[in-house]
Amino acid sequence: MAINHHEFMSRAVQLARKGLYTTHPNPRVGCVIVKDGQIIGEGFHKKAGEGHAEVQALASLTADANGATAYVTLEPCSHYGRTPPCAEALIKAGVATVVYGMQDPNPQVAGNGLKMLADAGIEVLGPLLENECRALNPGFIKRMEEGLPYVRVKMAMSVDGRTAMESGESQWITGPEARQDVQRLRAQSSAVVTGIGSVIMDNPSMTVRIDENDHEADTKAVRQPLRVIMDTALSIPPEAKILYPTNEVLVFCDEEEIEADHLKTLQKKKVDVRFLPLADDGRLDLVEAMGQLADDGINEVLVETGAVLAGAFLDSGLVDELVIYMAPKLLGSEARPLLSLPLEHMSDAVELNLLDMAKVGNDIKLVYQPIYREEEDA
């Protein structure tokens, strides 16, 4: 493909990132329309129910799109949902060529959009910059392909791998820049998950407080993610900060361990309480929980919790990324460890693939991908 194809698709990827915090449960998509080597229209998908990227780009046209080339990061949709098919809109606009970044993993589309375009006589080229386009939507892709959300586990630690003093005191290990970076992780997540231990110890609100100076994405329409609490015995206090506003909260628990009166109290507050089976280790089944979240349209999950639940997520093979903020501090040998992950032999060690490393304020951000045993043996 000619070099200008890459240039215009790169612009489409840049546009798609503007929807980083707002498109849930839809994918982030950007579109650029070019004629005679000049951009005549561009757009991105902002939120569910509003026009997709192609529609936004067509609405912004400064010239007739007849004979133009459309660059779109994701295959144009071919089905009627909340909005009409984007492939149909491009056909009606008279574009001559569509360059796509990646095929849509949604079974309702999955090549049908490209076929609709080709059948209409439109030249279809791609995939182009596929890795960059896939990186826009790791959660949407995983939900469509595997029926699970993309799970990030966020943790903060000292240089000696400790997360809190022996007493539980932990505020603040990292600096303000790292804490604001966590807000960006929350904002791009469809749900944040924590454990009842963290709720009791820290009484967090787990809401998004994004810096409006973050120009990478649209911060004016930031949505609050669903807050999910893993609480086996349903012991969460009714006055806990995380329960407000209650229509954004889901609590998973074990039906056999709950008190009926407490359940009624939470239900009156409109808290979504769901029963989960127990896994072999006697704890709530995390795989079932993540499957339910995927069924609800949750694309990306951020786990912010203590060592026990974080270790359980890793042990369940559910973690796609470990995001660790390392502060330039030493908390000592009596402080609490990063993960509760009892391993007996070196052969049991969990290997990690370093995806990214950056300095955030005075802290270091490390992003790892766990290498699970089945992947290693495959």
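Our subject is the structure that appears above.
Residues numbered from 1 in each chain as written. Predicted model: local features only at pLDDT ≥ 70, side-chain atom pairs only at ≥ 80, totals over all residues. Heavy atoms only, no water.

Draft legend 1. Representation of the pattern of salt bridges. This structure, assessed with the given rule, holds 16 salt bridges. Across the salt bridge formed by Glu 42 and Arg 11, the nearest N and O atoms sit 2.6 Å from each other. Here Glu 42, found in strand S2 (residues 38–44), pairs with Arg 11, found in helix H1 (residues 3–16); they are 31 residues apart in sequence, far enough to count as distant. A residue is classified by how much of its surface remains accessible, and Glu 42, at 27% relative accessible area, is partly exposed. For Arg 11, a relative accessible area of 24% gives the class partly exposed. (Salt bridge = Lys/Arg side-chain N within 4 Å of Asp/Glu carboxyl O. Helix = DSSP H or I, 4+ residues; strand = E, 2+ residues; numbered from the N terminus. Buried < 20%, exposed > 50% of the residue type's maximum accessible area, 1.4 Å probe, protein only.)

Draft legend 2. Expanded view of helix H9 (residues 260–268). Listed in full, the buried residues belonging to H9 are His 262, Leu 263 and Leu 266. Along the axis of H9, the buried residues cluster in a sector spanning 100°; they form a single face. Across from the buried face of H9, at angles greater than 90 degrees, the exposed residues are Asp 261, Lys 264 and Lys 268. Of the residues flanking the end of H9, it is Lys 270, one or two places downstream, whose phi is positive at about 70°. (Arc of directions from axis to C-beta.)

Draft legend 3. Spotlight on helix H7 (residues 176–187). For H7, which comprises twelve residues, the first-to-last C-alpha distance of 17 Å matches the rise-based estimate of 16 Å (1.5 Å per residue) to within 8%. In this structure, the buried residues of H7 make contact with strand S6 (150–158), strand S8 (191–195), strand S12 (300–304), strand S13 (321–327), strand S15 (351–360) and strand S16 (363–371). (Expected span 1.5 Å × (residues − 1). Contact = heavy atoms within 4.5 Å.)

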